[in-house]
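# Close look at the chain arrangement
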Amino acid sequence: MAALSFAENITVGALEADPYPIYAELRRSAPVAFVPSVSLWFVTRWKDVELVAKSPDIFSAIVKAGVSPVERSFGKPTILTSDGEVHKHLRQGVDPKYRPRTVASYAGDLVRSIAEPYLDAIAERGSAELMADYFEPVSTLSLARSLGLADIDMPTLRRWFYGLAQGAINFEKDPKRQEIADAIGAEVGDAVTPTLERLVREPDDSALSHMLHDGMPEGKTRPIDFLMPTVKVILLGGMQEPGHGAGSILVGLLRSPDQLRKVLGDPETFVPKAVDEGLRWVAPIGTQTRETTRAVEIGGATIPAGAPVAALVSSASRDESRFSDPDRFDIDRDEGNHAAFGFGHHFCSGRFFAREQMCLAVRLLLERFPDLSLVPGKEPVFRGWEFRAPTTLHVSLGAGSQ
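In what follows, the accompanying structure is described. Note that this is a predicted model, so its numbers are computed, not measured.

## Observations concerning the overall build of the protein
- Looking only at helices and strands, one finds 16 helices and twelve strands in the protein.
- Rg of the C-alpha trace for the protein: 21 Å, near the compact-globule value of 21 Å for 402 residues, within the 12% margin.
- Expressed as a percentage of its 402 residues, the buried residues of the protein come to 56%.
- Carbon and sulfur atoms provide 53% of the accessible area of the protein, an area that totals close to 16300 Å².
- The protein carries 44 positive and 54 negative side-chain charges, and their two centres are separated by 2 Å.

## Re the pattern of salt bridges
- Considering all chains together, one arrives at 25 salt bridges under this definition.
- The partner of Asp-95 in a salt bridge is Arg-91, and the shortest N-O contact between them spans 2.9 Å.
- Classification of Arg-91 by relative accessible area gives buried; the value is 14%.
- Residue Arg-333 is joined to Glu-277 by a salt bridge in which the shortest nitrogen-to-oxygen separation is 3.2 Å. Remark: Glu-277 occurs in helix α14 (residues 267–281) and Arg-333 occurs in the loop between α15 (313–316) and α16 (351–368); sequence separation between them is 56 residues.
- Exposure remark for Arg-333: the relative accessible area of 13% places this residue in the buried category.
- Residue classification places Glu-277 among the buried residues on the basis of a relative accessible area of 5%.
- Within this structure, Glu-277, Arg-280, Arg-333 and Glu-335 form a network of salt bridges that share partners.

## Here we look at the environment of Asp-319
- Looking at where Asp-319 falls in the secondary structure, it is placed in the loop between α15 and α16.
- Judged by its relative accessible area of 5%, Asp-319 is buried.
- Spatially, the C-alpha atom of Asp-319 lies 7.8 Å from that of Ala-24, the residues being 295 residues apart in sequence.
- If sequence neighbours within four positions are ignored, Asp-319 has contacts with Arg-27, Arg-45 and Trp-46.

## Here's the deal with the packing of aromatic side chains
- Going through the model one piece at a time under the given rule, you end up with 13 aromatic pairs.
- With centroids separated by 5.4 Å and ring planes inclined at 40 degrees, the aromatic side chains of Tyr-98 and Phe-353 adopt a geometry described as tilted. Residue Tyr-98 is located in the loop between α6 (84–94) and α7 (100–125), and its partner Phe-353 is located in helix α16; the two are separated by 255 residues in the primary sequence. The residues Tyr-98 and Phe-353 share a single accessibility class, namely buried.
- Considering the side-chain rings of Trp-281 and Phe-382, the 6.0 Å spacing of their centres and the 80 degrees angle between planes classify their relative orientation as edge-to-face. You can see Trp-281 sitting in helix α14 and its partner Phe-382 sitting in strand β10 (residues 382–383), a full 101 residues away along the chain.
- With a relative accessible area of 10%, Trp-281 lands in the buried category.
- Through successive ring pairs, a cluster of aromatic residues spans Tyr-20, Tyr-23, Phe-42, Phe-171 and Trp-385.
- Here Lys-97 stacks its cationic end above the ring of Tyr-106, 4.3 Å away from the centre of that ring.

## Observations regarding the sheet that holds strand β3 (residues 59–60)
- One open sheet holds the five strands; their spatial order is β1-β2-β8-β5-β3, and the pairing between them is mixed. A strand with exactly one partner marks an edge of an open sheet, and here the two such strands are β1 (32–35) and β3.
- Sheet topology places β3 next to strand β5 (residues 287–292); two bridges connect them, and they run antiparallel. Its bridge partner lying in β5, Phe-59 is registered against Thr-292.
- Against the sheet, helix α4 (residues 46–53) makes contact with β1, β2 (40–43), β3, β5 and β8 (308–312), and its axis sits at roughly 125 degrees relative to β8, the strand it touches most.

## A closer look at the packing of helix α8 (residues 130–147) against α16
- At a minimum axis distance of 11 Å, the contact between α8 and α16 shows a crossing angle of 140 degrees. Comparing the axis directions of α8 and α16 gives the class oblique. For α8 against α16, the interelement crossing comes out right-handed. Here Leu-130, Tyr-134, Phe-135, Val-138, Ser-139, Ser-142, Leu-143 and Ser-146 of α8 come into contact with α16, specifically with Phe-353, Gln-357, Ala-361, Val-362, Leu-364 and Leu-365.
- Considering only residue class, the contact of α8 with α16 consists of ten nonpolar, four polar and no charged.

## Points about the side chain of Ser-349
- Note on placement: Ser-349 falls in the loop between α15 and α16.
- Classification of Ser-349 by relative accessible area gives buried; the value is 16%.

## Let's talk about the pairing of β5
- Buried residues dominate β5, accounting for five of its six residues.
- Sheet topology note: the β5/β8 ladder contains five bridges and is antiparallel. Each bridged residue has a counterpart across the sheet, and for Glu-291 the counterpart in β8 is Pro-308.

## Re the packing of helix α12 (residues 224–254) against α16
- It is the contact of α12 with α16, at a shortest axis distance of 9 Å, that shows an interaxial angle of 45 degrees. By the angle class used here, α12 and α16 are oblique. In this structure, α12 crosses over α16, and the sense of that crossing is right-handed. Contact with α12, carried on its side by Gly-238, Glu-241, Pro-242, Gly-245, Ala-246, Ile-249, Leu-250 and Leu-253, involves Ala-354, Gln-357, Met-358, Val-362, Leu-365 and Leu-366 of α16 and no other residues of that element.
- Classifying every residue of the contact of α12 with α16 by side-chain character gives ten nonpolar, three polar and one charged.

## Considerations on the nonpolar core
- Counting residues in each nonpolar core, the largest one holds 111 residues, and the members touching the most others are Phe-42, Leu-130, Tyr-134, Phe-135, Leu-235 and Leu-372.
- Broken down by element, this core gets its largest block of residues, 16 residues, from α12.
- Beyond its immediate sequence surroundings of up to four residues, Leu-130 is in contact with Ile-122, Phe-135, Glu-136, Leu-250, Leu-365, Leu-372, Leu-393 and Val-395.
- The next biggest cluster of nonpolar side chains, apart from the first, holds 21 residues, and it includes Val-32, Trp-41, Ala-301 and Val-309.

Parameters at a glance
Residues numbered from 1 in each chain as written. Predicted model: local features only at pLDDT ≥ 70, side-chain atom pairs only at ≥ 80, totals over all residues. Heavy atoms only, no water. Helix = DSSP H or I, 4+ residues; strand = E, 2+ residues; numbered from the N terminus. Rg over C-alpha atoms; globule rule 2.2 N^0.38 Å. Buried < 20%, exposed > 50% of the residue type's maximum accessible area, 1.4 Å probe, protein only. Areas by Shrake-Rupley, 256 points an atom, 1.4 Å probe, with all protein chains shown as cover. Lys, Arg positive; Asp, Glu negative; His and termini not counted. Charge placed at Lys NZ, Arg CZ, Asp CG, Glu CD. Salt bridge = Lys/Arg side-chain N within 4 Å of Asp/Glu carboxyl O. Contact = heavy atoms within 4.5 Å. Phe/Tyr/Trp six-rings, centres within 6.5 Å; stacked < 30°, edge-to-face > 60°. Lys NZ or Arg CZ within 6 Å of the ring centre and 35° of its normal. Pairing = 2+ DSSP bridges. Axes fitted to C-alpha atoms, helices over the stretch in contact; angles between N-to-C directions. Parallel < 35°, antiparallel > 145°, perpendicular 65-115°, else oblique. Left-handed = near helix turned anticlockwise from the far one by under 90°. Nonpolar A, V, L, I, M, F, W, Y, C, P; charged D, E, K, R; others polar. Core = buried A, V, L, I, M, F, W, Y, C linked by side-chain atoms within 4.5 Å.

Just distances and angles here, no functional claims.
Here you go:
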């Protein structure tokens, strides 16, 4: 009864402020529980989260009309909210640009060309708020350029991200959030459609072109209206995950001087370890959302048929049964993979591109400014449960900056 009462009293505000103590209590006392404030069944333990994500026959990505905030905001079908042939059809177009070998052929030059002017500007100013001045610009522009959106500027892309996010996290159906998301969604559609129309006629090597043409019969393309909801999902997740993940990673390093020294001493070895540990420690995207196709018993609870379920990858990545001292950032951890990119056939299609971006953004920053430190009195504050990151990241460059 106490566990049930705890879940019933979880508020959106508490989740936004810091979901991790809430998840820890749920893992301990009610690993599968209905949370009325967001109208979702929370699944919090690693083994159960993995089961949900890998069992589409029981936990379907296809949800009832009006239930999914992603579909409500972006339309349908989306790559996140489809299964079967529709999902396979969308992945056929999305995957080619973001396969490991393909990413290795272009990501380094792309990210470096975007990052270096921002690093130059930071050096000239002598200080930085790294979320707005570096990580988010590098992430948004890298994603947009890989898609083939060459003419959309960074302020517009950041505004799109924050507007689309208001819809994607709107589980409580807040009309103000929905109004913002709807307006930005319409703007994105108007801005991206001319590029898609051109790529129908003149294909190239951009991700949007692959989405239109790959796997299609000669002379046929996927319809623009069919792709647009997924384009919006990619713009949101692809801009958000690398930039916000990199910010969390840097906070972990700057709060752990010994670990930062290791990274600076051997970036080839330890930057990738820091990136993977940072993604485990603070997952940039917290959930995979599903709907039960039938009543199912899991984690000591029975979820009814047709119920919305949040498989909390952020909670899974701090499950005490898998990770020792899970709230601690530790780049020497060797306890298996994190869950930040999800599980199953909905495993993040852009994971290789996102991880490479984070590794490059963090490494280039630390190579340029090895004496970075947090500004006293302006400690980073994390916000969010569906999307989580430092709201700001004020740093001093130190005496060795150039």
